[in-house]
Amino acid sequence: MSPFTEPLATALRLRALGAALAGSLVGRLSLALSLAAWLVFAAALLVVDALLQRDLSTQTGRHIHAAVERAASDLDARVAERLRALDAVAAYWRQSDRSADAAAEALNGWPVLTAMFEIVLITDAEGRVIGDVPPRPERRALSVSSREYFARARDSARAVVGEPYVGRVVGRPLMPFAVALRDKSGRFQGAVVGVIELRGGRLFHDLAAASIGEQGRYLVVSRSGQLLLDADSTRELGQLPDRPQDQFVHRAIEGWRGWTRLTDAHGDAAGIAAAQPMTQAPWIVLGILPEAESGAALRRLDQVLLAAGIGGALLVAVLAALIARGSLAPLARLRSEVEAIDAGQRAGSVDESGPTEVLRVARAFNRLLTTRERAELALSAREAFHRTLSD
């Protein structure tokens, strides 16, 4: 058998079926009803799909933003705890009226600070490091007078959060917290500096390990555009690059908060992101859920609606055929009666009942029968008359 025989036979059967349907009044009516119902059903599915997709996106976005708000609140509490600890140290030292040198000697007696920070420094009024935990001899030759956090702490009455920098000794990105040490007269004597490590440090440890869903992650950026935390370990911490996929981060730095859908450079959906600024530090917590996960529910919805559409189309076709057959049943009855009369299996007229259109056809047929019977009677009479004349 030729490989083209079966496809050709299938095509011929489909063509014959189409011709039969096109030539059948039931087929035509079924097709018309099916087409109309399919169009209405498809439009309804599109509307439902759009509404459900909008609702799912909104729910997902709100869920991500709520998670980001909780993360920002928790991080705010951790930052506030460290700032209060530094303020408490400064207040204690002001009341004791001790010098910065004495503070350096007592540094190991402040377990609260050493538990909260990876590095604790004591500087004198000129910014020279005079004490540190853990002790590193090379730090004693350093001066932090050029660091912005030192100047801000010196001019502030409260502890401050500085800008991140790369430590000259450890060579890793660090985040400083600083508070001024003053005597009873308010004269600046030095500063206590608590330093956390941005990667692997205590402050961000829990947030770095957390996730949004299965594939989502958190980011923390400063208002100056510094990337402080990204669970994606392949990204370097530091100045945030001006990449198209990071535009929502720059919007957050400018003051935007809430959630939004992300798009890539081609305009395709890339996921959902949310942002929430912090109150205790000039930082912003962000959350990103990639499209592979955020769009999974939407794709499942599309599959369900597609299956419902196919099932609905089949159901509509069956119902349309039944409705068409039921609607044309009086016409089929009339046809049977006419065929019976034509075959001599029935005498008299057809039943004048049913819908208006069928009733009119039945009456017209009965009139035709009456006219034919009269014509036949007249013909019989003439033939009888002619036979009489012949005889």
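Keep in mind it's a predicted model, so treat the numbers as computed, not measured.

> Give a description of the side chain of D230 that names residues and reports values.
Topologically, D230 is positioned in strand β8 (residues 226–230). For D230, the side chain forms a polar contact with the side chain of R217, separated by 2.8 Å.

> Hey, could you go over the pattern of salt bridges for me, with residue numbers and the actual values?
Using the criterion set out here, one finds 14 salt bridges in the structure. The shortest N-O distance in the salt bridge between E138 and R136 comes to 2.8 Å. E138 gets classed as partly exposed once you look at its relative accessible area, which sits at 36%. Judged by its relative accessible area of 31%, R136 is partly exposed. A single salt-bridge network, built from bridges that share partners, covers D74, R78 and D206.

> Outline the environment of G200, listing residues and values.
Topologically, G200 is positioned in the loop between β6 (188–197) and α6 (205–209). Residues G200 and L229, 29 residues apart in the sequence, show an inter-C-alpha distance of 9.9 Å.

> Could you give me a rundown of the side chain of D87, with the residues and numbers involved?
If you trace the backbone, D87 turns up in helix α2 (residues 25–96). Leave out the neighbours within four places in its chain, and D87 touches R158, A159 and V179.

> I'd love a proper account of the nonpolar core, names of residues and values included.
Grouped together as the largest cluster of nonpolar side chains are 44 residues, with contacts concentrated most on F177, V192, F204 and W283. Counting residues per element, this core draws most heavily on α2, at 13 residues. In this structure, V160, A180, A191 and V193 belong to the second largest nonpolar core, which totals 17 residues.

> Before we move on, could you go through the packing of aromatic side chains and cite the residues and values that matter?
Counting across every chain of the model gives 5 aromatic pairs. For the pair F204 and W283, a centre-to-centre distance of 5.6 Å together with 45° between the ring planes defines the contact as tilted. One end of the pair, F204, is in the loop between β6 and α6; the other, W283, is in strand β12 (residues 283–290), and 79 residues separate them in sequence. You can call F204 buried: its relative accessible area is 1%. Here W283 falls in the buried class, since its relative accessible area comes to 1%. Joined through ring pairs, the aromatic side chains of F117, F177, F204 and W283 make up one cluster. For R251, the ring lying beneath its charged end belongs to W256, and the centroid distance is 4.6 Å.

Calculation notes
- Residues numbered from 1 in each chain as written.
- Predicted model: local features only at pLDDT ≥ 70, side-chain atom pairs only at ≥ 80, totals over all residues.
- Heavy atoms only, no water.
- Helix = DSSP H or I, 4+ residues; strand = E, 2+ residues; numbered from the N terminus.
- Polar contact = N/O pair within 3.5 Å; in protein donor to acceptor, adjacent residues only side chain to side chain.
- Salt bridge = Lys/Arg side-chain N within 4 Å of Asp/Glu carboxyl O.
- Buried < 20%, exposed > 50% of the residue type's maximum accessible area, 1.4 Å probe, protein only.
- Contact = heavy atoms within 4.5 Å.
- Core = buried A, V, L, I, M, F, W, Y, C linked by side-chain atoms within 4.5 Å.
- Phe/Tyr/Trp six-rings, centres within 6.5 Å; stacked < 30°, edge-to-face > 60°.
- Lys NZ or Arg CZ within 6 Å of the ring centre and 35° of its normal.

Functional significance is not addressed by these values, which are geometric in nature.
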